[in-house]
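Here's the letter readout for the chains.
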Amino acid sequence: MKNHLPLADLQKKILGLVKDNYLPEYGDENYFHSVAKSSNLQLVRAIALWWRQNHLERYCFFTSRFLKATGQMETTTARYFQANNHSSFIEEIGPHFLSWLSKNTIGLTSIIARFELGMIAINRNEAYEDEIVWPCDPFPIIYGLVQNDLSNESIQSGSFSMTLSDKIIGSFEVEEITSISLSANSTLPLKI
Amino acid sequence: MKPIKIGTTYEGGRPDFLEKLLSVVDYLEFSPDSLATSRKGVASINPEKLEELKKVDDKIDLLVHGVGLSIGSYDGVSKNYLNLLDELLENLCLKWHSEHLAYIFVDGVNLGTMVTLPRTIETLAMVCDRINKIQDRYNIPFLLENVVSLIPEYHSNYSHADFLNKICERTGCGLILDIYNLECDAFNHGLNIELFLNELNCNHIKEFHIASGFMDSGFMTDIHAGLTSDTTLELTQHVIERYQPENLEAITYELLDEFVDRVGQEAILNELEKLKVLFYEKSPATC
């Protein structure tokens, strides 16, 4: 009968393999080398990711639609879940994911995540203030995401300042920065 | 054998569907994790979903089937999960509760899916100790379920069936035999289902789970996404007829809430009616 590795050591190595931050070493049992090379491990990672994406699609409506429309959903969520210990609760994963995206990505991905983070907080009746500079008109993009029909035509150049606040009716206002100041209250159905 | 009751999973938030289910099923099974909400790391049962279940508590049996206990984590079970269970038991009359024989957390880090345990002497002692504590804490029966092995198995002291037998003998807990998971293990890893059943003391089984899943990268997965297949129903029938599990009381059709709309409420209700005809009306106890 072979000696068994203590359960703690076994589980720590499995965790490392699932999270892709541990590579079996020379002295490790053959078992870990074979798990590392197995398609089973890829499947475990894929299932774990599928569950998390499923939750994010329901909770982070705008951002997940944007990530999907721009072909970033798989890679971005995989990167997030490998780098973070996620909660079992979507009410915690959702905002954490959006906050992580807003800090660890650039351009529209970061901006949309920040926008959605604010909308979720305001919809939860939390006090919230933020000002986001958009490199394009946000309305066609938001409309495209609501309709799940985001296209290149949705991205119209310009520079716009968006104020998000729980004190604004409709939750946000947008002003064009470069030309004449234009103020508009949100009229889109943005309950998330 | 006792008459076999038919039930299904329910995750709350569909009151119209719940009303329809009440006329078809004998019980509902729900997961504390699916009913829970969390703020600042503290989990609690969503008050609206709890209210929904309280309203039907006197009309139908309620069973709990968790996913977040992580009974096999070397560093302890989830306290959040136990708090949720406490809350449910304070508010509802539960017939029994159950969990998966697996782990989902390591050092507090969420693996994202359940992983099977090595069937070793150390694991057996640890799991039995935890089951005893759970049974002391809650005054209702506790069952464990066989889960699909995804990661290749670590070398073991016990066979699948022997491990389950020993857990039940040492603790007095019962079993949920997930029929579809057996099919997955047979397909994915060549589990000999007949050998497994011959070795298993089927009198420990109190509940069956039946479900479906889909193929991914050549593997059968247990993501409960649709109606049960004929092979699953035939295997269920076979286990009842051949092994006559004398304490079997319930068959649960599992479907994830995410797939209710895709499968369709009518199709789900028809499925449950079919199960009643197959397993309740024709069960040895009711014939």
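The rules behind each value
- Residues numbered from 1 in each chain as written.
- Chains lettered and ligands numbered in written order.
- Predicted model: local features only at pLDDT ≥ 70, side-chain atom pairs only at ≥ 80, totals over all residues.
- Heavy atoms only, no water.
- Helix = DSSP H or I, 4+ residues; strand = E, 2+ residues; numbered from the N terminus.
- Rg over C-alpha atoms; globule rule 2.2 N^0.38 Å.
- Buried < 20%, exposed > 50% of the residue type's maximum accessible area, 1.4 Å probe, protein only.
- Contact = heavy atoms within 4.5 Å.
- Core = buried A, V, L, I, M, F, W, Y, C linked by side-chain atoms within 4.5 Å.
- pLDDT = per-residue confidence, 0-100.
- Phe/Tyr/Trp six-rings, centres within 6.5 Å; stacked < 30°, edge-to-face > 60°.
- Axes fitted to C-alpha atoms, helices over the stretch in contact; angles between N-to-C directions.
- Left-handed = near helix turned anticlockwise from the far one by under 90°.
- Nonpolar A, V, L, I, M, F, W, Y, C, P; charged D, E, K, R; others polar.

J.: Please provide a residue-by-residue account of the overall build of chain A, values included.
T.: Within chain A one finds eight helices and four strands. Its helices and strands taken in sequence order, chain A reads α-α-α-α-α-α-α-β-α-β-β-β from the N to the C terminus. Here the C-alpha radius of gyration of chain A, 21 Å, is well above what a compact globule of 192 residues would show, namely 16 Å. Projected onto its principal axes, the C-alpha coordinates of chain A cover approximately 80 × 35 × 25 Å. Relative to its full complement of 192 residues, chain A shows a buried share of 51%. Long-range pairs, those at least 24 residues apart, make up 54% of the contacts in chain A with a sequence separation of at least 6.

J.: Report on the environment of Asp57(B), specifying residues and quantitative values.
T.: Residue and element names in this part refer to chain B. With respect to the helices and strands, the residue Asp57 is situated in the loop between α3 (47–56) and β5 (61–65). Look at Asp57 and you get buried, because its relative accessible area is 19%. Remark: the alpha-carbon pair of Asp57 and Glu246, spanning 189 residues in sequence, is separated by 27 Å. Once residues within four sequence positions are removed from consideration, Asp57 is found in contact with Leu62, Asn91, Leu92 and Cys93.

J.: Residue-level account of the nonpolar core, with values.
T.: Formed by 112 residues in total, the largest nonpolar core has its most connected members in Ile167(B) and Leu177(B). Ile167(B) has contacts with Leu101(B), Leu124(B), Val127(B), Cys128(B), Ile131(B), Leu144(B), Gly172(B) and Cys173(B), leaving out every residue within four places of it along the chain. Grouped together as the second largest cluster of nonpolar side chains are 37 residues, Leu67(A), Phe97(A), Ala121(A) and Ile141(A) included.

J.: Which residues make up the confidence of the model for chain A, and what values go with them?
T.: On average, residues of chain A score 87 in pLDDT, and 91% of them reach the 70 mark or higher. Note that pLDDT drops below 50 for residues 180–192 of chain A; the model gives that stretch 37 contacts with residues more than four away or on any other chain.

J.: Would you mind going over the packing of aromatic side chains in detail, with residue names and values included?
T.: All names here are of chain A. Counted under the stated rule, the structure contains 15 aromatic pairs over all chains. For the ring pair Tyr31 and Phe32, a centre distance of 5.1 Å and an interplane angle of 80° mean the geometry is edge-to-face. Residue classification places Tyr31 among the buried positions, given a relative accessible area of 12%. Considering the side-chain rings of Phe115 and Phe172, the 5.5 Å spacing of their centres and the 90° angle between planes classify their relative orientation as edge-to-face. Of this pair, Phe115 sits in helix α7 (residues 107–123) while Phe172 sits in strand β3 (residues 172–176), and the two are 57 residues apart along the sequence. Phe115 sits in the buried class, given a relative accessible area of 1%. Judged by its relative accessible area of 0%, Phe172 falls in the buried class. Within the aromatic cluster, the residues linked to one another by ring pairs are Phe61, Phe62, Phe115, Trp134, Phe139 and Phe172.

J.: Can you explain the packing of helix α6 (residues 90–104) of chain A against α7(A)? Please cite residues and give values.
T.: Residues and elements named next belong to chain A. The geometry of α6 relative to α7 is characterised by a closest axis approach of 8 Å and an angle of 145° between their N-to-C directions. Our pair here, α6 against α7, has a crossing hand that is left-handed. Along its contact with α6, which presents Pro95, Leu98, Ser99, Leu101 and Ser102, the element α7 presents Thr109, Ser110, Ala113, Arg114, Glu116, Leu117 and Ile120. Of the residues belonging to the contact of α6 with α7, the class tally is six nonpolar, four polar and two charged.

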